Amino acid sequence: MDLLKKRIEEEGKVIGNNILKVDNFLNHQIDVELFIEMGKEFKNRFAGEKVDKIITIEASGIAIAFATAQAFGNVPVVFAKKQEAGNLSGDVYSSNVFSFTKNKEYVVRVDKKYINKGERVLIIDDFLANGQAALGLMDIIDQAGALAVGAGIVIEKGFQDGKKLLLEKNLKVESLAIIKEFSDNKVIFGQ
Ligand code: 5GP
C-alpha cells in the first residue's frame, strides 16, 4: 500500500538491527485517515471472505482492528488481554506468546463468551515479526472451535520467520507493507 510505505519511509525510525518505530502514525499517535484507508485495503485483500469477527491483541492492534471492522460492515472486534484482570471471568481461552519487542513470554486471554464455535475470525495486527502473537491468536481461535480466515498485518518484517510459520499453518497472510531489510537505517521494501 503506497500511502503507508510513504509514511514509513518519511517517518519510520530504525532501532538497532530489527525494530521499526512508527509511533508518529501507528503506535503512539494514530492517523485516523490512514487507518480508515488501511481498513478498506484489508477489506479488499480479504474480499469474498465471510468474516464474523476480528481478533487482535491489546493495545496496538485495537485501532487498526476497529478500522478494519468498519470496512467489514461493523463486525465485532475482540482483543486478547495481556493482563489478568478482575473483570475478566475465569472462563477464558489463553495462550502463551513470546514477545519479540520485550523479549519475554506473556499470556493472552479471551473470555470464552466472545468467540463461538464455527465463527469465521480474521486476525489483525500492527506488525508481523516472528509470528508469535498471530500464532497465539490462532491457538485461541482453535480452542474455541472457530476458524481463522487469515491474518491482516500492517507492517510485515519479511526478514523474520512470522510469515513462513503462518503459511505453514495454512493461514492466508496479507500485509500492507513488507520490509525486506533495514540498510543504513533505511527501510528497503520487498514482496
Ligand atoms: P511477533 O509476535 O510476530 O514476533 O511480533 C509481533 C508483535 O510485536 C506486534 O504485535 C508488535 O506489537 C510487536 N513488534 C514486532 N516487531 C516490531 C517492530 O519492529 N516495531 C514495533 N513497533 N513493534 C513490533
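Conventions adopted
Residues numbered from 1 in each chain as written. Predicted model: local features only at pLDDT ≥ 70, side-chain atom pairs only at ≥ 80, totals over all residues. Heavy atoms only, no water. Helix = DSSP H or I, 4+ residues; strand = E, 2+ residues; numbered from the N terminus. Rg over C-alpha atoms; globule rule 2.2 N^0.38 Å. Buried < 20%, exposed > 50% of the residue type's maximum accessible area, 1.4 Å probe, protein only. Contact = heavy atoms within 4.5 Å. Core = buried A, V, L, I, M, F, W, Y, C linked by side-chain atoms within 4.5 Å. Phe/Tyr/Trp six-rings, centres within 6.5 Å; stacked < 30°, edge-to-face > 60°. Lys NZ or Arg CZ within 6 Å of the ring centre and 35° of its normal. Axes fitted to C-alpha atoms, helices over the stretch in contact; angles between N-to-C directions. Parallel < 35°, antiparallel > 145°, perpendicular 65-115°, else oblique. Left-handed = near helix turned anticlockwise from the far one by under 90°. Nonpolar A, V, L, I, M, F, W, Y, C, P; charged D, E, K, R; others polar. Pairing = 2+ DSSP bridges. Near = heavy atom within 4 Å. Polar contact = N/O pair within 3.5 Å; in protein donor to acceptor, adjacent residues only side chain to side chain. Areas by Shrake-Rupley, 256 points an atom, 1.4 Å probe, with all protein chains shown as cover. Expected span 1.5 Å × (residues − 1). Arc of directions from axis to C-beta.

J.: Break down the overall build of the protein for me, citing the residues and quoting the values.
T.: Of regular secondary structure, the protein possesses six helices and 10 strands. Taken over C-alpha atoms, the radius of gyration comes to 16 Å for the protein, in line with the 16 Å a tight globule of 191 residues would show. Looking at the 191 residues of the protein, the share that counts as buried comes to 46%. Once local pairs closer than 6 in sequence are excluded, the contacts in the protein between residues at least 24 apart make up 63%.

J.: Mind laying out the nonpolar core, listing which residues take part and the relevant values?
T.: Among the nonpolar cores identified, the biggest contains 33 residues, and Leu4, Ile8, Leu20, Leu26, Met38, Ile54 and Ile155 are the most heavily contacted of them. Excluding residues that lie within four positions of it along the chain, Ile8 makes contacts with Leu20, Phe25, Ile155, Ala177, Val187 and Phe189. Core analysis: the second largest hydrophobic core is formed by 27 residues, Leu128, Leu135, Leu137 and Ala144 among them.

J.: With reference to specific residues and values, describe the packing of aromatic side chains.
T.: Summed over all chains, the structure comprises one aromatic pair. A cation sits over an aromatic face here: Lys82 above Tyr106, 5.3 Å from the ring centre.

J.: Provide a residue-level description of the packing of helix α3 (residues 32-45) against helix α4 (residues 60-71), including the pertinent values.
T.: Following both chains from N to C, one finds α3 and α4 inclined at 55°, their axes separated by 7 Å at the closest point. Between α3 and α4, the crossing angle belongs to the class labelled oblique. In this structure, α3 crosses over α4, and the sense of that crossing is right-handed. Where α3 abuts α4, its residues Phe35, Ile36, Met38, Gly39, Lys40, Phe42 and Lys43 lie against Ala63, Ile64, Ala67, Thr68 and Ala71. Here the residues of the contact of α3 with α4 sort into eight nonpolar, two polar and two charged.

J.: Summarise the pairing of strand β5 (residues 92-99); cite the residues concerned and give the values.
T.: Where burial is concerned, the two faces of β5 differ: the one with Tyr93, Ser95, Val97 and Ser99 is buried and the one with Val92, Ser94, Asn96 and Phe98 is not. The sheet contact formed by β5 and strand β6 (residues 104-111) spans eight bridges and is antiparallel. Counted as the bridge partner of Val97 is Tyr106 from β6. Connecting the antiparallel pair β5 and β6 is a turn made up of four residues, with Asn103 showing a positive phi of about 60°.

J.: Please set out α4 residue by residue, giving values where relevant.
T.: Among the residues of α4, Gly61, Ile64, Ala65, Ala67, Thr68 and Ala69 are the ones counted as buried. After α4 finishes, the residue Gly73 shows a positive phi value of roughly 80°.

J.: Account for the site of the ligand, with residues named and values stated.
T.: The immediate surroundings of the ligand are formed by 16 residues, with Leu20, Ala129, Asn130, Gly131 and Ala133 found nearest. At a separation of 2.7 Å, an oxygen atom of the ligand approaches a polar backbone atom of Asn130. Interatomic distance of 2.8 Å between a backbone N/O atom of Ala133 and an oxygen atom of the ligand. Notes on the ligand: free accessible area 500 Å², of which the protein chains cover 86%. Those elements that place two or more of their residues in the shell around the ligand are β2 (19-21), β7 (120-128) and α5 (132-143). If one sorts the elements of the shell around the ligand by residue count, β7 sits on top with four residues. Each residue belonging to the shell around the ligand can be placed in one class, and the counts come to seven nonpolar, six polar and three charged.

J.: Provide a residue-level description of α3, including the pertinent values.
T.: Look at α3: 20 Å from first C-alpha to last across 14 residues, which is about the 20 Å you get at 1.5 Å a residue. The complete set of buried residues in α3 reads Leu34, Phe35, Met38, Gly39 and Phe42. The buried side chains of α3 occupy one side of the element, clustering within an arc of 145° when seen end-on. Across from the buried face of α3, at angles greater than 90 degrees, the exposed residues are Glu33 and Asn44. The elements touched by buried residues of α3 are α1 (2-11), α2 (23-27), α4, β7, β8 (147-157) and β9 (173-183). Its side-chain oxygen placed 3.2 Å from the backbone nitrogen of Glu33, Asp31 serves as the N-cap of α3.

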